[in-house]
Amino acid sequence: MSEVFHFCGRRIPKEVVERALELFDEQVGLDQAIAEAEANRPRLSPEELDQAIERIQRLVAKYVPDDVSLVDELIAGRRAEAARE
């Protein structure tokens, strides 16, 4: 069974996430990249996946201040949501 990732409440196969990372850029949102990747599921080599991840990290880093931790923000958001339940 292939790995599955969760995005916005949806289960996305690993190969679709890999393709979405390749397609994603500043003009194409992640939702659109995932939709395009789901329509055509090519596989990335490990090297291509590493390159895609590095590219995404560089793109995202431009929009996140140095003093902000996205991981800490995510954890805080999940804790706040859990506290409301």
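Residues numbered from 1 in each chain as written. Predicted model: local features only at pLDDT ≥ 70, side-chain atom pairs only at ≥ 80, totals over all residues. Heavy atoms only, no water.

**Q** How should the overall build of the protein chain be read in this particular structure?
**A** Looking only at helices and strands, the protein chain has 4 helices and 2 strands in total. Order of helices (α) and strands (β) in the protein chain, N terminus to C terminus: β-β-α-α-α-α. When the 85 residues of the protein chain are sorted by exposure, 22% land in the buried category. In the protein chain, of all internal contacts separated by at least 6 residues, the share reaching a separation of at least 24 is 47%. With the model as given, the accessible surface of the protein chain reaches about 6600 Å², and the carbon-plus-sulfur share is 52%. (Helix = DSSP H or I, 4+ residues; strand = E, 2+ residues; numbered from the N terminus. Buried < 20%, exposed > 50% of the residue type's maximum accessible area, 1.4 Å probe, protein only. Contact = heavy atoms within 4.5 Å. Areas by Shrake-Rupley, 256 points an atom, 1.4 Å probe, with all protein chains shown as cover.)

**Q** Can you walk me through the nonpolar core in this structure?
**A** Where a protein is soluble and globular, its nonpolar side chains tend to be buried together. In terms of nonpolar packing, the biggest core is built from 5 residues, these being Leu21, Leu44, Leu49, Ala52 and Ile56. Among the elements that line this core, the one with the most residues is helix α3 (residues 46-61), at 3 residues. (Core = buried A, V, L, I, M, F, W, Y, C linked by side-chain atoms within 4.5 Å.)

**Q** Can you walk me through a negative patch on the surface in this structure?
**A** Together, Glu47, Glu48, Asp50 and Glu54 give the surface a local cluster of negative charge. Along the chain, glutamate 54 turns up in helix α3. (Patch = residues over 30% accessible without salt bridge, like charges linked within 9 Å, V, L, I, M, F, W, Y side chains within 5 Å. Salt bridge = Lys/Arg side-chain N within 4 Å of Asp/Glu carboxyl O. Lys, Arg positive; Asp, Glu negative; His and termini not counted. Charge placed at Lys NZ, Arg CZ, Asp CG, Glu CD.)

**Q** How should I be thinking about α3 in this particular structure?
**A** An α-helical turn contains 3.6 residues, so any two residues separated by three or four positions project in the same direction. With 16 residues, α3 ought to run about 22 Å at 1.5 Å a step, and its terminal C-alpha atoms sit 22 Å apart, in line with that. Those residues of α3 that sit buried are Leu49, Ala52, Ile56 and Leu59. For α3, the arc enclosing every buried residue in end-on projection is 90°, short of the 170-degree limit, so these residues lie on one face. Facing away from the buried side of α3, by more than 90 degrees, are the exposed residues Pro46, Glu47, Gln51, Gln57 and Arg58. (Expected span 1.5 Å × (residues − 1). Arc of directions from axis to C-beta.)

**Q** Help me understand the environment of alanine 20 in this model?
**A** Mapping alanine 20 onto the fold places it in helix α1 (residues 14-23). Given the relative accessible area of 1%, alanine 20 is considered buried. C-alpha of alanine 20 to C-alpha of alanine 52: the two residues are 32 residues apart in sequence and 9.1 Å apart in space.

**Q** Looking at this structure, I do not really get the confidence of the model for the protein chain. What am I missing?
**A** Predicted coordinates in areas of low pLDDT are best not read in detail. Per-residue confidence for the protein chain gives a mean pLDDT of 77, with 68% of residues at or over 70. Mean pLDDT across the elements of the protein chain ranges from a minimum in strand β1 (residues 4-7), with 65, to a maximum in helix α4 (residues 70-84), with 92. (pLDDT = per-residue confidence, 0-100.)

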